[in-house]
Amino acid sequence: ARQLGDLWGLTTERVEHYATAYRPEFALTAANLTVGRVTLPRNQCKDAGKNLLFAPTSVALRLLERLAVCVRMNESVLLVGETGAGKTSNVQFLAHHLRRTLVVLNMSQQSESADL
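From a predicted model like this one, the values you see are computed outputs, not experimental measurements.

Peer 1: I'd like a rundown of the side chain of R99, residues and numbers included.
Peer 2: Position of R99 among the secondary structure elements: in the segment after α4 (87–97). On the accessibility criterion, R99 (16% relative accessible area) is buried. Reaching out from R99, the side chain makes a polar contact with the backbone oxygen of N43 at a distance of 2.7 Å.

Peer 1: Please provide a residue-by-residue account of the packing of aromatic side chains, values included.
Peer 2: By the definition in use, this model includes two aromatic pairs. On the numbers, 4.0 Å between centres and 15° between planes, the contact of F54 with F93 is stacked. With a gap of 39 residues between them, F54 in the loop between β3 (38–41) and α3 (58–72) and F93 in helix α4 connect regions that are remote in the sequence. Aromatic ring contacts, followed pair by pair, group F26, F54 and F93 into a single cluster.

Peer 1: Tell me about the side chain of E65, and name the residues and values.
Peer 2: Tracing the backbone shows E65 in helix α3. Within polar-contact distance, the side chain of E65 engages the backbone nitrogen of R37 at 2.9 Å. Setting aside residues up to four positions removed in sequence, E65 forms contacts with Y22, P24, V35, G36, R37 and V38.

Calculation notes
- Here, residues in each chain are numbered from 1, in the same order as that chain's written sequence.
- Where local features are concerned, this predicted model is filtered to residues with pLDDT of at least 70; where side-chain atom pairs are given and counted, the filter is 80 or more; whole-chain, interface and lining totals use all residues.
- The side-chain quantities take in all heavy atoms of the structure and omit both hydrogens and water.
- In this text, helices come from DSSP runs of H or I with a minimum length of four residues, and strands from runs of E with a minimum of two, each type numbered from the N-terminal end.
- Partly exposed describes any residue whose relative accessible area lies between the buried limit of under 20% and the exposed limit of over 50%, with all areas from a 1.4 Å probe on protein chains only and scaled to the type maximum.
- The term polar contact refers here to a pair of N or O atoms within 3.5 Å; inside protein, the definition further demands a hydrogen-donor-capable atom paired with an acceptor-capable atom, and it admits residues adjacent in sequence only when both atoms are side-chain atoms.
- Stacked, tilted and edge-to-face pairs are distinguished by plane angle, under 30 degrees for stacked and over 60 for edge-to-face with tilted covering the rest, among Phe, Tyr and Trp rings (Trp via its six-membered ring) whose centres lie within 6.5 Å.
- By definition in these notes, contact holds between two residues if any of their heavy atoms fall within 4.5 Å.

Quick look at the structure:
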């Protein structure tokens, strides 16, 4: 992170803030979902009534903000990390509150392209 900060001309304090202390604001209205610097429109269909458990920790909100940026920019995302780190939970939470259909494919080192 410090090398990127140097490349982008950020101070060490600012890099540390965004890497560890930054906590994006989260707001949910009938029309929009806002997380940090991104506001996404919600589909107009009714909620399914399913209540997802989500712990809005700083780490989870930073990942949610990054995912929301990718959704806004129509970018593909590959989430890689330890089991139980919250990758699937974050995507499910975002899809649920944007009222979008989500298909989850859990991949592993044994997965092949035919599995897709």
